[in-house]
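# Residue-level structural notes
Take a look at the letters that make up each chain.
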Amino acid sequence: MRQQKMLIPTLRNVGEEAQMASHRWMLRAGMIRQMAAGVYSYLPLAYRSLRKVEQIVREEMDRIGAQELLLPALTTAELWQETGRWDTYGAELVKLHDRHEREFLLGPTHEEVITHLVRNEVNSYKKLPIALYQIQTKFRDERRPRSGLLRGREFLMKDAYSFHGDHETLDATYQDMYNAYQRIFTRLGLDFRAVEADSGAMGGSENHEFMVLSESGEDTLVMCNACDYAANLETAYVGEKQEQTIDRKEVPPMEKVATPGASSIQAVSQFLDKQPTELVKSLLFIADEQPVLVLLRGDHEANEVKVKQVMEARHCELADDETVQRVTGAPIGFVGPVGLGDEVTILADHGVKRLQDPVLGANEKDAHFIHALPERDFRVDRYGDLRTVVEGDACPRCDGTFRFARGIEVGHVFKLGTRYSDDMGATFLNPQGKEESLIMGCYGIGISRVLAAIVEQQHDEHGIIWPSAVAPFQVHLIAVNVKDEAQVKLADSLYEKLTGMGIQVLYDDRPDRAGAKFKDADLIGIPLRVIVGKKAAEGTIEYKLRRTGESGELNSDELTSQLT
Ligand code: ATP
Ligand code: MG
Ligand code: MG
Ligand code: MG
């Protein structure tokens, strides 16, 4: 491609709102432009790389026998009502209706749609197991879509689903997927780690997340320095402490309580009025040695103020970590933010699982619940700032100790079991002619997030450093001075030759200053730069590797023979 004609609107600066390195560099390299929060256009350079990521994923899925299809993004509400997720999925769900007022949604994930398809088309064990996948735009109305492609509200995902008649084949497919993911992220040139992950409300059992190691990641990973144990901090093994002490059957059903005001603190104070109260550790109340978890919406600071007010009114004291430990069995973190009907995100540590009677609600009058039981009534899927596990803790599996790292979740593999097939009546006939629920697995990769994760990991102070597998072009050919006939002649002929060899070349034929061209080249980050300058008349070019900065001179014929 001739750069003069290509749409690569590089920028010298970007605004403060672009905080993440990948967001900044992709804006500056003229790769993406924002249309609305979390909604982006992929310009030609980015789209070339995106398709390469997609292709690597596709090849590895095909290799393990998964079949590609394409499901509708526009989905009827009815399917999601069958599994209950129309109501429980939360505010991330993009709902809409057609001209007849029929309700629809834009798919954030496709368990319902694929299960619907398979329950109609696959009825016998003879067709099992089967693995299907698609690469498609997903929609999630994320709360904080501020990180460029890392967290979009519209983003590209590869989602695969497998259906089985028995657990053995599920285990085998899960392992195939796991191995395929290892190959994919290796081919993509990423420094990554597969970690044990929490099963949350997906209803599944075993699952792993694939994490790109990066300081800017939102997840905290716990890794043993001696063995291969690695987990998301949410699930990290904490020994005895992790035991469930709640007798789930004894927790009464979740009950809505009338509250005078919008705040959860008010709801909790009212609820606790009936009981002796001690206020423990930021937002954890202990009533009668019964921990009460408070889920709050809104910014933490405002909530802290409210807590202080309640404390003063009640002459409570903040308990220290030790007291919290004694009462709850684990240190407790902060919890928030929650809206009525939201997917509840808990930012506490494992102790949360021992808590009974959390109060949860929206920032509205009369919109609070008591007796909310984690996993029964809401989803526990994330723990945050305070940690049960700390760096240096002993690993439960060997003599090693834990260290922490930050990670970006790029993939997730999951054994779902019959969570969806039970609800949706997706069954098959086993060899004995008996009807059984299909056993399922699901496997996602955030294709567009991967692109950003690569940049997050591979850049320097001048711009992006693309690994060759996904670079938008392989060679950046630069004619330093397009007024110089010899330079243009040699550059033109190299362009023809390399392109003819099947090499993807971006040819900077712009009449700009050399300095500006080199700056752009650093920014865009194509692995090999070929510079046609002053020595063009002798047939000599200069090359430079973007990653190492290594450079040298070559005869143009040497160059082409080295590239074959
Ligand atoms: P996160 O914890 O980051 O919100 P998730 O666990 O909700 O992600 P999954 O439901 O597991 O995401 O979806 C599969 C994959 O899709 C994720 O591993 C991630 O790579 C990608 N993904 C999820 N949400 C987004 C998003 N908002 N923007 C881009 N990619 C995303
Ligand atoms: Mg999410
Ligand atoms: Mg996640
Ligand atoms: Mg996930």
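Note that the structure is predicted; figures quoted are calculated from it, not measured.

Cut-off values and rules
- Residues numbered from 1 in each chain as written.
- Chains lettered and ligands numbered in written order.
- Predicted model: local features only at pLDDT ≥ 70, side-chain atom pairs only at ≥ 80, totals over all residues.
- Helix = DSSP H or I, 4+ residues; strand = E, 2+ residues; numbered from the N terminus.
- Buried ≥ 20, exposed ≤ 12 C-beta atoms within 10 Å, placed from the backbone.
- Contact = placed C-beta atoms within 7 Å.
- pLDDT = per-residue confidence, 0-100.
- Pairing = 2+ DSSP bridges.
- Axes fitted to C-alpha atoms, helices over the stretch in contact; angles between N-to-C directions.
- Parallel < 35°, antiparallel > 145°, perpendicular 65-115°, else oblique.
- Left-handed = near helix turned anticlockwise from the far one by under 90°.
- Nonpolar A, V, L, I, M, F, W, Y, C, P; charged D, E, K, R; others polar.
- Near = placed C-beta within 6 Å.
- Expected span 1.5 Å × (residues − 1).
- Arc of directions from axis to C-beta.

This paragraph deals with the overall build of the protein. The helix and strand inventory of the protein stands at 14 helices and 29 strands. Counting all 564 residues of the protein, 44% fall into the buried class. Expressed as a percentage of contacts within the protein between residues at least 6 apart in sequence, the contacts between residues at least 24 apart total 71%.

Here we take up the confidence of the model for the protein. Any segment with low pLDDT has predicted coordinates that should not be analysed in fine detail. With 72% of its residues at a pLDDT of at least 70, the protein reaches an overall mean of 82. Per-residue pLDDT stays below 50 along residues 238–246; that stretch engages in 16 contacts with residues further than four places along the chain or on separate chains. For the stretch residues 327–356, pLDDT sits under 50, and the model shows 123 contacts to residues farther than four places along the chain or on other chains. Confidence metrics for the complex model read pTM 0.78 and ipTM 0.99.

Okay, the environment of R529 next. For R529, the location among the structural elements is in strand β27 (residues 528–532). In sequence terms R529 and M35 are 494 residues apart; their C-alpha atoms lie 32 Å from each other. In contact with R529, other than residues within four places in its own chain, are H476, I478, A521, Y543, K544 and R546.

This paragraph deals with the sheet that holds strand β25 (residues 475–479). Picture the strands of a sheet paired through backbone hydrogen bonds; they go either parallel or antiparallel. Read across the open sheet, the 5 strands follow the order β26-β25-β27-β28-β29; overall the sheet is mixed. Single-partner strands in this sheet number two, and they are β26 (505–508) and β29 (551–555). Put simply, the sheet's adjacent strands are angled 25° from each other on average, direction ignored. With 4 bridges joining them, β27 and strand β28 (residues 540–545) adopt antiparallel strand pairing. Following the sheet pairing, L528 is matched in β28 by L545. Lying on the sheet, helix α12 (residues 485–500) is in contact with β25, β26 and β27; it crosses β25 at an angle near 160°.

Take the pairing of β29 next. Across 5 bridges, the pairing between β28 and β29 is antiparallel. Each bridged residue has a counterpart across the sheet, and for Y543 the counterpart in β29 is G552.

To continue, consider the sheet that holds strand β4 (residues 74–76). The sheet built from 3 strands is open, its strands ordered β4-β6-β5 with antiparallel pairing. Because the sheet does not close on itself, it has two edges, and the strands there are β4 and β5 (94–97). Within this sheet the neighbouring strands show an average axis-to-axis angle of 40°, counted without direction. By the bridge criterion, 3 bridges tie β4 to strand β6 (residues 103–106) in an arrangement that is antiparallel. Bridge pairing links T75 to L105 in β6.

This part is about the packing of helix α2 (residues 44–63) against helix α6 (residues 167–187). Between α2 and α6, whose axes approach to 10 Å, the crossing angle comes to 155°. The angle between the axes of α2 and α6 places the two elements in the roughly antiparallel class. In the crossing of α2 with α6, the sense of the turn from one axis to the other is right-handed. Facing α2, whose interface residues are I56, V57, E60, M61 and R63, α6 presents A180, R183, I184 and R187. Taken together, the residues of the contact of α2 with α6 break down into 5 nonpolar, no polar and 4 charged.

In the neighbourhood of ligand 1, 15 residues make up the surrounding shell, with F155, H412, G444, G446 and R449 lying closest. Of all the secondary structure elements, the ones that give two or more residues to the shell around ligand 1 are β8 (154–164), β19 (402–417), β22 (439–446) and α11 (447–457). Looking at which element gives the most residues to the shell around ligand 1, the answer is β19, with 4 residues. A per-class count over the shell around ligand 1 returns 3 nonpolar, 7 polar and 5 charged.

What follows covers α12. Each turn of an α-helix holds 3.6 residues, which means side chains three or four residues apart point in the same direction. Taking 1.5 Å of rise per residue, 16 residues should cover 22 Å, and α12 covers 22 Å from first to last C-alpha, within 8% of that figure. Within the span of α12, buried status applies to Q487, L490, A491, L494, Y495 and L498. Down the axis of α12, the buried side of the element spans an arc of 140°, and every buried residue falls inside it. With respect to the buried face of α12, the exposed residues turned more than 90 degrees away are E485, E496 and G500. Structurally, α12 contributes buried residues whose contacts are with β25, β26, β27 and α14 (556–562).

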